[in-house]
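A closer look at the structure
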Amino acid sequence: MSDLAETLGSDAAQSGPTALRILLGAQLRRLRESAGISREDAGYHIRSSHSKISRMEGGRTSFKLRDVSDLLIMYGVAGEAEREALLALARQANEPSWWHDYRDVLPDWFEAYLGLEQDASVIRMHEVQFVPGLLQTEDYARAIFAIGNESDSDEQIERRVEVRMRRQRVLEPPEPRKLWVVLDEAVLRHRVGSREIMRGQLEHLARMAARPNITVQVLPFSCGWAMGGVGPVTIMRFAQSELHDVVYLEQLTNAQYLTKETDVLPYQRLMDELGVHASPASATPAMLRRLIAEL
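No experiment lies behind these values; they were computed from the predicted model shown.

1. Some points on helix 14 (residues 284-294)
Those residues of helix 14 that sit buried are Thr 284, Met 287, Leu 288, Leu 291 and Ile 292. With its buried residues spanning 135 degrees around the axis, helix 14 presents them on a single face. Those residues of helix 14 that are exposed and aimed more than 90 degrees away from the buried face are Arg 289, Arg 290 and Ala 293. On its buried side, helix 14 packs onto helix 11 (185-189), helix 12 (195-209) and strand 3 (214-219).

In structure tokens:
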């Protein structure tokens, strides 16, 4: 592999399409800046605009191979082997992911999250209303989708459940992600569906919390600590050195993806605070047993 491609190192070899777009975009930005070329000039060179260059460099769009090839020449990457190595990464980044077949039931803004979740090595979550999707049972997920999507057909709801169950493979061998979850006690007391569905969910949560790659803490009502009305938060960390932490904040009809260090740092501190004030993970099994007995 060329020297330029080697700057991505093993990071690229172990990355999925979403991470590859971010990695390749960052490489294109470095090459442009090293050549002293503005985004405006680069956009004009590929018959487009500076905003497209910005999206490419941020990994927020797919790559047209012709555009990448033209930019590499413009940036002074003259060697055929060097260009081909980076174009190969662009081809990999353009490969459809497994959720492509479910786009009819997925909002556009959620697809980026699926890609990041797939590539993350550590996922930290705080939930205030529902058990996180990665830890839900089929029945619990189905009950949530039935409540939140009354106009959907049974088939659409089942496809949404399939997506949620498929996502959970990131927690399975051979490379299970590390998951650290802090749940408000309200999550465990908020009944979703029938008593049987809720019991099954709590029992499943207890089994998942016993896995070595999963940590579940509960922030009890009695702790007396408030965090100022912040809703659900997800922070994803990546094994690739080129990728920085991403904070995901989901709203009703869209989501925010925070990547700037100044934006991410307060949420990292928040998650650390939650871990301190929540009950230790060792106390979670006993609490779940009590709640199951109360159903």
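2. Focus on unusual backbone geometry
Residue Pro 173 is joined to Pro 174 through a cis peptide bond whose omega torsion reads 15 degrees. If you trace the backbone, Pro 174 turns up in the loop between helix 10 (154-167) and strand 2 (178-184).

3. Quick notes on the confidence of the model for the protein chain
Looking at the protein chain as a whole, the pLDDT averages 90, with 94% of positions reaching at least 70. When mean pLDDT is compared element by element in the protein chain, helix 12 scores highest at 98, while helix 1 (residues 3-6) scores lowest at 50. pLDDT under 50 marks residues 1-5. Its contacts with residues more than four places away, or in other chains, come to 12 contacts.

4. Section: the nonpolar core
Among the nonpolar cores identified, the biggest contains 47 residues, and Leu 135, Leu 171, Leu 179, Leu 188, Leu 205 and Met 236 are the most heavily contacted of them. Among the elements that take part in this core, helix 12 stands out by supplying 5 residues, more than any other. Discounting chain neighbours no more than four positions away, the residues touching Leu 171 are Leu 134, Leu 135, Pro 176, Arg 177, Leu 179, Met 208, Arg 211, Asn 213 and Ile 214. Counting residues in each nonpolar core, the second largest holds 20 residues, with Leu 20, Ile 46, Val 68 and Ala 90 among its members.

5. A short note on the environment of Ala 141
You can see Ala 141 is positioned in helix 9 (residues 138-148). Ala 141 gets classed as buried once you look at its relative accessible area, which sits at 0%. Between the C-alpha atom of Ala 141 and that of Glu 185, which follows or precedes it by 44 residues, the distance is 19 Å. Look past the residues within four positions of Ala 141 in its chain and what remains in contact with it is Gln 136, Val 161, Arg 164 and Met 165.

6. What about the packing of helix 3 (residues 17-34) against helix 5 (residues 50-57)?
Their axes nearest at 7 Å, the elements helix 3 and helix 5 cross at an angle of 125 degrees. The orientation of helix 3 with respect to helix 5, classified from their angle, is oblique. Counting all contacts with helix 3, which are made through Arg 21, Gly 25, Ala 26, Leu 28, Arg 29 and Arg 32, the residues of helix 5 involved are Ile 53, Met 56 and Glu 57. When the residues that make up the contact of helix 3 with helix 5 are grouped by side-chain class, the tally is 4 nonpolar, 1 polar and 4 charged.

7. Some remarks on the environment of Glu 185
Inspection of the secondary structure puts Glu 185 in helix 11. With 93 residues separating them in the primary sequence, Glu 185 and Ala 278 have C-alpha atoms 9.7 Å apart. Polar side-chain contacts of Glu 185 include one of 2.6 Å to the side chain of Arg 189.

8. Some remarks on the packing of aromatic side chains
The geometry of an aromatic ring pair is captured by two quantities: the separation of the ring centres and the angle between the planes. Under the defined criterion, the tally for this structure stands at 6 aromatic pairs. Between Tyr 113 and Tyr 248, the ring centres sit 4.4 Å apart and the planes meet at 35 degrees, which makes this aromatic pair tilted. Here Tyr 248 lies in strand 5 (residues 246-250) and Tyr 113 lies in helix 8 (residues 108-119), a separation of 135 residues in the sequence. By the burial criterion, Tyr 113 is buried, and Tyr 248 matches it. Through a chain of ring-to-ring contacts, the aromatic side chains of Trp 109, Phe 110, Tyr 113, Tyr 248 and Tyr 257 assemble into a single cluster.

9. Some points on the side chain of Asn 213
Among the secondary structure elements, Asn 213 is positioned in the loop between helix 12 and strand 3. A residue is classified by how much of its surface remains accessible, and Asn 213, at 13% relative accessible area, is buried. Side-chain polar atoms of Asn 213 contact the backbone oxygen of Arg 177, separated by 2.9 Å. Those residues within four positions of Asn 213 in sequence are excluded, and the remaining contacts are Leu 171, Pro 176, Arg 177, Lys 178 and Leu 179.

10. Considerations on the packing of helix 6 (residues 65-74) against helix 7 (residues 80-93)
Two numbers describe how helix 6 lies on helix 7: the axes approach to 10 Å, and their chain directions differ by 150 degrees. It follows from the interaxial angle that helix 6 and helix 7 lie roughly antiparallel. Judged by the sense of rotation from one axis to the other, the crossing of helix 6 with helix 7 is right-handed. When helix 6 is examined against helix 7, the residues Leu 65, Val 68, Ser 69, Leu 72 and Ile 73 are found in contact with a partner set consisting of Arg 83, Leu 86, Leu 87, Ala 90 and Arg 91. The residue inventory of the contact of helix 6 with helix 7, partitioned by class, reads 7 nonpolar, 1 polar and 2 charged.

What counts and what doesn't
Residues numbered from 1 in each chain as written. Predicted model: local features only at pLDDT ≥ 70, side-chain atom pairs only at ≥ 80, totals over all residues. Heavy atoms only, no water. Buried < 20%, exposed > 50% of the residue type's maximum accessible area, 1.4 Å probe, protein only. Helix = DSSP H or I, 4+ residues; strand = E, 2+ residues; numbered from the N terminus. Arc of directions from axis to C-beta. Contact = heavy atoms within 4.5 Å. pLDDT = per-residue confidence, 0-100. Core = buried A, V, L, I, M, F, W, Y, C linked by side-chain atoms within 4.5 Å. Axes fitted to C-alpha atoms, helices over the stretch in contact; angles between N-to-C directions. Parallel < 35°, antiparallel > 145°, perpendicular 65-115°, else oblique. Nonpolar A, V, L, I, M, F, W, Y, C, P; charged D, E, K, R; others polar. Polar contact = N/O pair within 3.5 Å; in protein donor to acceptor, adjacent residues only side chain to side chain. Phe/Tyr/Trp six-rings, centres within 6.5 Å; stacked < 30°, edge-to-face > 60°. Left-handed = near helix turned anticlockwise from the far one by under 90°.

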